[in-house]
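# Geometric and topological summary
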Amino acid sequence: SIGSHAPNERKGTGPFSFRTERHGGAMVTAKRVLAAGSRGITSSSAGAKVASLRAAAARARRTGFPLPPGTAVPVLARGIPKGHQQQRVAARALAEGTAAEDMKRKAGSSSGAASGSASPPQGSPKLRKVAPARDDKNDFLSIVVLGASGDLAKRKVIPALFALYYQGMLPENFVVMGYARSELSDQAFRDSLEARLTCRIEDKENCVGKMDAFLSKCFYCQGGYDSESGFDRLNTKLCDHETTYLDQMQQGGGSGDSSVGNSINANRIFYMSIPPSVFLPAAECTSKKASGTKGWTRVIVEKPFGRDAETSAALNAGLAKHLTEEQVYRIDHYLGKELVENLIVLRFANLVFEPLWNRQYVENVQIIFSENFGTEGRGGYFDNYGIIRDIMQNHLLQVLALFAMEPPVSLDAEDIRNEKVKVLRSMRTLDLEDVVVGQYTGRTTGESGTMVTYPGYLDDETVPEGSIVPTFAAAALFIDNPRWEGVPFLMKAGKALDKRHAEIRVQFKSIPGSLYKDKDGSLGNNELVIRIQPEEAITLKISNKIPGLGMNLNNTKLNLQYKDDYSDFQFPDAYERLILDAVNGDKRLFIRSDELEAAWDIFTPALHQIDAGELPPELYPYGSRGPVGAHYLASKYGVRWASSK
């Protein structure tokens, strides 16, 4: 019955009432429920869905055209969590009402044609044809690297762009525009990049001759990150490249078809490889002076996303003033690692694992990050954040969320991110009693008959004297939901430890009433190990009979070694994968604002206490396994840190 009443007439009351308005003969439903009902929403994702629906209705009222069926409205309706039933009903009603109205209009048009009328009723807009999916292969892409003279841009971002280029993964028509405060010419910028661009051994054939072609697409613009005049110059240079290309395509691009140029977009990606202190000024200047006018604009933001819940919220609010959430891609390069992305496949594409992935069978989960080197001159930057902010709150917590989430409705980015947010919101706030922090000291050892001295953290000249910032942390985290209630998730991260590795260890419970309890006491429980780096691997530890006449058991492995089993396949760098996803508009591996908020809520209280000196760091020697307190923390929950052998 929606849309069947007189203009501006109201039907019913309360949150399910609707108001109808007529614009140029087109009936558009306006949802009072979405204005009133959304105030009670506690889920940020649901609120975003409702806001999108409200915007869709506003566009419909403004243009006088009904929303056609098959648009994002029904999808948004499905995307609203089940707990927000009023909003789901409203969204579904909007979709059904606009679809019914469109059908009525088409029927009227057919009737007019049958009676000899060649034009639509007076006062009604002409029905628009649904445009076919556009071909974007001719679109132009400008990739702007802010902070292009910095270490991250030269070491990771631009080499990743080159790798995507020589593999044929970038659009055919693109430029890379470096932007930084340093004074450089285009040629000087290219010279600074050349030594950093390398080809993987297996890609030598594809790479031959590609380096010069890639460098010819690299340009440079000098300016400050808070300088509107600088971004004006940047925009002028980008427009010059875009106009040259679009003019060429308008003339047929060599194909003789001048109509091709009329449908081409000029898209822009801005990669913020800059200090967090200038994120907001750069975002403002980008929005005001350098956004694309004939295509989309996307902005990739590097971590850290604040220092705590308050600063992160301020950063998000600042970005929201200048960019939509759809434009912002918060990058965490750890999510681009092969074994992290494989977590979803391992869980949901293998029947053998999913039934065991819960509190009934899992004793504990360990997520471990270890580096065998110290700050090495980067202590000044590190001292502003510490190991918890630098590694735990983002990299490891993102791994935990992917590991522990419920099955998503689909592989759509929003469905996956919705499940991650649910996990993070189910987690307890970290208690200081469940944290151990440490700081490495110098150590002198004899290696191959030579004495070698490794400096301590405070020996780094860039570190403030007397700093108590932790270089090691271990924490016990808990997820209070039906799947994981009571299962300890132990996190450990540190610098200057005995080895470099990152892995997830799932230790399963003992077998109740084991037939081999007299033999398997020394074997330990089954354990699934997912080694993220280096030498990616997945191993399952099982108990097995040793060949022979006796009944002797040992602990052995079912072993998938990526370097052996996938030796013919490429292992792209994490930045390659994530930049390509940003180009394609795939946000599965990027962090949403409400996800970031939930992550900071877990760690912020403990971080403030640590910053205030309430938990002094334990000292541990360079090259050791970390402070002893980490082992006491694990034993508190009946767990032993697993060996990586």
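Residues numbered from 1 in each chain as written. Predicted model: local features only at pLDDT ≥ 70, side-chain atom pairs only at ≥ 80, totals over all residues. Heavy atoms only, no water.

### Overview of the overall build of the chain
Definition in use: The numbering of helices and of strands both runs from the N terminus, where a helix is a DSSP run of H or I of at least 4 residues and a strand a run of E of at least 2. Whether a residue is buried, partly exposed or exposed follows from its accessible area with a 1.4 Å probe, protein chains only, as a fraction of its type maximum: under 20%, in between, or over 50%, in that order. By definition, residues are in contact when any of their heavy atoms lie within 4.5 Å. For every accessible area listed, the method is Shrake-Rupley and the probe measures 1.4 Å; residues are considered covered only by the protein chains on display.
Scanning the chain from N- to C-terminus turns up 19 helices and 21 strands. Across the 645 residues of the chain, 50% fall into the buried class. In the chain, the proportion of contacts linking residues at least 24 apart, taken out of those at least 6 apart, comes to 75%. Just so you have it, the chain exposes about 30400 Å², and 52% of that area is on carbon and sulfur atoms.

### Some thoughts on helix α9 (residues 228-250)
What counts, and what does not: Every helix has an expected span of 1.5 Å times one less than the residues it contains.
Spanning 23 residues, α9 covers 31 Å between terminal C-alpha atoms, matching the ideal 33 Å at 1.5 Å per step. Restricting attention to buried positions, one finds in α9 the residues G230, F231, L234, N235, L238, E242, Y245, L246 and M249. On the buried face of α9, the contacting elements are β4 (140-146), β5 (173-180), β6 (218-222), β7 (266-272) and α10 (279-290).

### Let's talk about the nonpolar core
Filter applied, for reference: To form a nonpolar core, buried Ala, Val, Leu, Ile, Met, Phe, Trp, Tyr and Cys residues must be joined to one another through side-chain atoms within 4.5 Å.
Of all hydrophobic cores here, the largest spans 156 residues; its most connected members are F214, L234, L400, F403, F489, I504 and F603. Of all the elements, helix α14 (residues 386-404) adds the most residues to this core, at twelve residues. With residues up to four places along the chain from it excluded, the contact list for I504 reads L343, V365, Q366, I367, V399, F403, L528, V529, I530 and I532.

### Notes on the packing of α10 against helix α11 (residues 309-322)
Our working definition: Axis definition: a line fitted to C-alpha atoms, over the contacting stretch in the case of helices. Angles run 0 to 180 degrees between N-to-C directions. Angles below 35 degrees are treated as roughly parallel, those above 145 as roughly antiparallel, those between 65 and 115 as roughly perpendicular, and all remaining angles as oblique.
Closest axis-to-axis distance for the α10/α11 pair is 9 Å, and the angle between their directions is 10°. Considering their axes alone, α10 and α11 lie roughly parallel with respect to each other. For the pair α10 and α11, contact is made by F279, L280, A283, E284 and S287 and by A314, L315, G318, L319 and H322, respectively.

### Description of the environment of L215
With respect to the secondary-structure elements, L215 resides in helix α8 (residues 210-215). Residue L215 is classed as buried on the basis of its relative accessible area of 7%. When near neighbours in sequence (up to four residues on either side) are disregarded, L215 contacts R190, L193, E194 and L197.

### Remarks on the pattern of salt bridges
This is how it is decided: Any Lys or Arg side-chain nitrogen located within 4 Å of an Asp or Glu carboxyl oxygen qualifies as a salt bridge.
Scanning all chains against the criterion turns up 29 salt bridges. A salt bridge links R155 to D151, with the nearest nitrogen and oxygen atoms 2.9 Å apart. One end of the pair is R155 and the other is D151, both in helix α5 (residues 151-166) and four residues apart, which spans about a single turn. With a relative accessible area of 44%, R155 lands in the partly exposed category. Put simply, E414 and R592 hold a salt bridge, and the shortest N to O gap is 2.6 Å. Here E414 is found in helix α15 (residues 413-426), whereas its partner R592 is found in the loop between β20 (590-591) and α18 (593-611), with 178 residues between them in sequence.

### A short note on a nonpolar patch on the surface
Short version of the rule: Exposure above 30% relative accessible area and no salt bridge define the residues that can form patches, which grow by joining like charges within 9 Å and nonpolar side chains of Val, Leu, Ile, Met, Phe, Trp and Tyr within 5 Å.
A grouping of L515, Y516 and M551 is seen on the molecular surface, where their side chains present a nonpolar patch of about 340 Å² in accessible area. Mapped onto the elements, L515 comes out in the loop between β16 (501-508) and β17 (527-533).

### Describing the pairing of strand β8 (residues 297-302)
Condition: At least two bridges found by DSSP between two strands is the condition for calling them paired. Look down the strands so they point away from you; if going from the first strand over the helix to the second traces a clockwise path, that crossover is right-handed.
Of all six residues in β8, six are buried; the element is thus mostly enclosed. The two faces of β8 match: T297, V299 and V301 on one face and R298, I300 and E302 on the other face are all buried. Examined bridge by bridge, β7 and β8 share five bridges and lie parallel to one another. Paired with R268 across the strands is T297, a residue of β8. The parallel pair β7 and β8 is bridged by α10, and the resulting crossover is right-handed. Bridge analysis of β8 against strand β9 (residues 328-331) gives four bridges, and the strand direction is parallel. The residue of β9 that forms the bridge with V299 is V328. Each parallel crossover has a hand, and for β8 linked through α11 to β9 it is right-handed.

### Quick look at the confidence of the model for the chain
Heads up, the rule is: Scored between 0 and 100, pLDDT is the confidence that the predictor attaches to each residue.
Here the chain averages 79 in pLDDT, while 74% of its residues score no lower than 70. Contacts for the low-pLDDT stretch residues 1-45, under 50 throughout, to residues beyond four places or in other chains number 106 contacts.

### Some words on the layout of surface pockets
As a reminder of what qualifies: Here the term cavity refers to a set of points on a 1 Å grid, laid over the protein atoms alone, in which a 1.4 Å probe fits but cannot get out; the term pocket refers to an open set having protein on both sides within 12 Å along at least five of seven lines, with lining residues being those that place an atom within 4 Å of a point. Grid points are joined across faces, edges and corners, and a volume is the space filled by probe spheres set on the points. Residue polarity follows a fixed list, in which Ala, Val, Leu, Ile, Met, Phe, Trp, Tyr, Cys and Pro are nonpolar, Asp, Glu, Lys and Arg are charged, and the others, Gly among them, are polar.
Size it by volume and the largest pocket reaches roughly 1400 Å³. In terms of lining residues, the largest pocket is bounded by 44 residues, among which L152, R155, H333, R378 and Y575 are the most central. If you list the elements that add at least two residues to the lining of the largest pocket, you get α5, α13 (379-382), α14, β17 and α17 (574-584). When grouped by side-chain class, the residues that make up the lining of the largest pocket number 18 nonpolar, ten polar and 16 charged.

### Some remarks on the environment of L346
You can see L346 is positioned in helix α12 (residues 338-348). The spacing of L346 and F403 is 57 residues in sequence and 9.8 Å in space, taken between C-alpha atoms.

### What about the packing of α11 against α18?
One way to put it is that α11 packs onto α18 with a least axis distance of 8 Å and a crossing angle of 155°. As far as their axial angle goes, α18 and α11 are roughly antiparallel. Of the residues in α18, those in contact with A309, E310, S312 and N316 of α11 are S593, L596, W600, D601, T604 and H608. Residues belonging to the contact of α11 with α18 are distributed by class as follows: three nonpolar, five polar and two charged.

### With respect to the packing of aromatic side chains
This is how it is decided: Aromatic pairs are defined between Phe, Tyr and Trp rings, using the six-membered ring for Trp, whenever the two ring centres lie within 6.5 Å; interplanar angles under 30 degrees are classed as stacked, those over 60 as edge-to-face, and all others as tilted. Charge-over-ring placement is defined geometrically: NZ (Lys) or CZ (Arg) within 6 Å of the ring centre, and within 35 degrees of the ring normal.
According to the stated counting rule, one finds 26 aromatic pairs in the structure shown. Consider the rings of Y440 and Y457, whose centres lie 6.0 Å apart with planes at 70°: the pair is edge-to-face. Residue Y440 is located in strand β11 (residues 435-441), and its partner Y457 is located in the loop between β13 (450-454) and β14 (472-477); the two are separated by 17 residues in the primary sequence. Taking relative accessible area as the criterion, Y457 reaches 0% and is therefore assigned buried. These aromatic residues form a ring-pair network of at least three members: F382, Y440, Y454, Y457, F472, Y620 and Y622. The residue whose ring lies beneath K492 is W641, and the NZ or CZ to ring-centre distance is 4.4 Å.

### Some thoughts on the sheet that holds β20
Spatial strand order, β6-β5-β4-β7-β8-β9-β20: seven strands in an open sheet with mixed pairing. Only two strands of the sheet have a single neighbouring strand rather than two, namely β6 and β20. Of the strands in this sheet, β4, β5, β7 and β8 are in contact with α5, which crosses β4 at around 165°. The strands touched by helix α6 (residues 186-194) within the sheet are β5 and β6, with β6 carrying the most contacts at an inclination of about 120°.

### Considerations on the sheet that holds β11
Strand order in this open sheet of nine strands is β19-β18-β17-β16-β10-β15-β14-β11-β21, and the pairing throughout is mixed. The two strands at the open ends of the sheet, each matched to only one other strand, are β19 (553-561) and β21 (618-621). In this sheet, adjacent strand axes meet at a mean angle of 20° when their direction is disregarded. Running at roughly 145° to β17, α12 makes contact with β16, β17 and β18 (537-545) of the sheet. Along the sheet face, α14 touches β10 (362-370), β11, β14, β15 (489-494) and β16 and points at about 145° away from the line of β15.

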